[in-house]
Amino acid sequence: MKWLLYILFALLYLIVTFFGLGPVLFADGSTTERMVTLVVVLLIYVLITFWLRNVLKRLRNR
């Protein structure tokens, strides 16, 4: 069960990296647009990480 959870979250991280950091690195927008996108992507990384830690803690306490 735990390995499936790790695969799911790894896929989430890969999807956020592909669709989130791509526009930050390769977009034609202004620097402000890129920085706002970067902040949003970093916030999504933080939320996914907290979610993973919460789920792992729940599994450990069963």
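Residues numbered from 1 in each chain as written. Predicted model: local features only at pLDDT ≥ 70, side-chain atom pairs only at ≥ 80, totals over all residues. Heavy atoms only, no water.

## Examining the overall build of the protein
Working step 1: Within the protein, the secondary structure is distributed over 2 helices and 0 strands.
Working step 2: If one aligns the C-alpha atoms of the protein with their principal axes, the spans along those axes are about 50 × 15 × 5 Å.
Working step 3: Looking at the protein alone, contacts between residues at least 24 apart form 59% of all its contacts between residues at least 6 apart.
Working step 4: When the accessible surface of the protein is summed, it comes to about 5,100 Å², and 73% of that surface belongs to carbon and sulfur atoms. (Helix = DSSP H or I, 4+ residues; strand = E, 2+ residues; numbered from the N terminus. Contact = heavy atoms within 4.5 Å. Areas by Shrake-Rupley, 256 points an atom, 1.4 Å probe, with all protein chains shown as cover.)

## Some words on the UniProt feature "transmembrane region" (unreviewed entry) in the protein
Working step 1: Per the UniProt record, "transmembrane region" (unreviewed entry) is found at residues 36-56.
Working step 2: Helix makes up 100% of residues 36-56 and strand 0%, and the two end C-alpha atoms of the span are 30 Å apart. (UniProt positions renumbered as here; feature names shortened; annotations may be inferred.)

## Structural notes on the packing of helix H1 (residues 2-26) against helix H2 (residues 31-60)
Working step 1: Relative to each other, H1 and H2 sit at 175 degrees, their axes nearing to 9 Å. Comparing the axis directions of H1 and H2 gives the class roughly antiparallel.
Working step 2: Across the contact of H1 with H2, the residue classes tally to 21 nonpolar, 4 polar and 2 charged. (Axes fitted to C-alpha atoms, helices over the stretch in contact; angles between N-to-C directions. Parallel < 35°, antiparallel > 145°, perpendicular 65-115°, else oblique. Nonpolar A, V, L, I, M, F, W, Y, C, P; charged D, E, K, R; others polar.)

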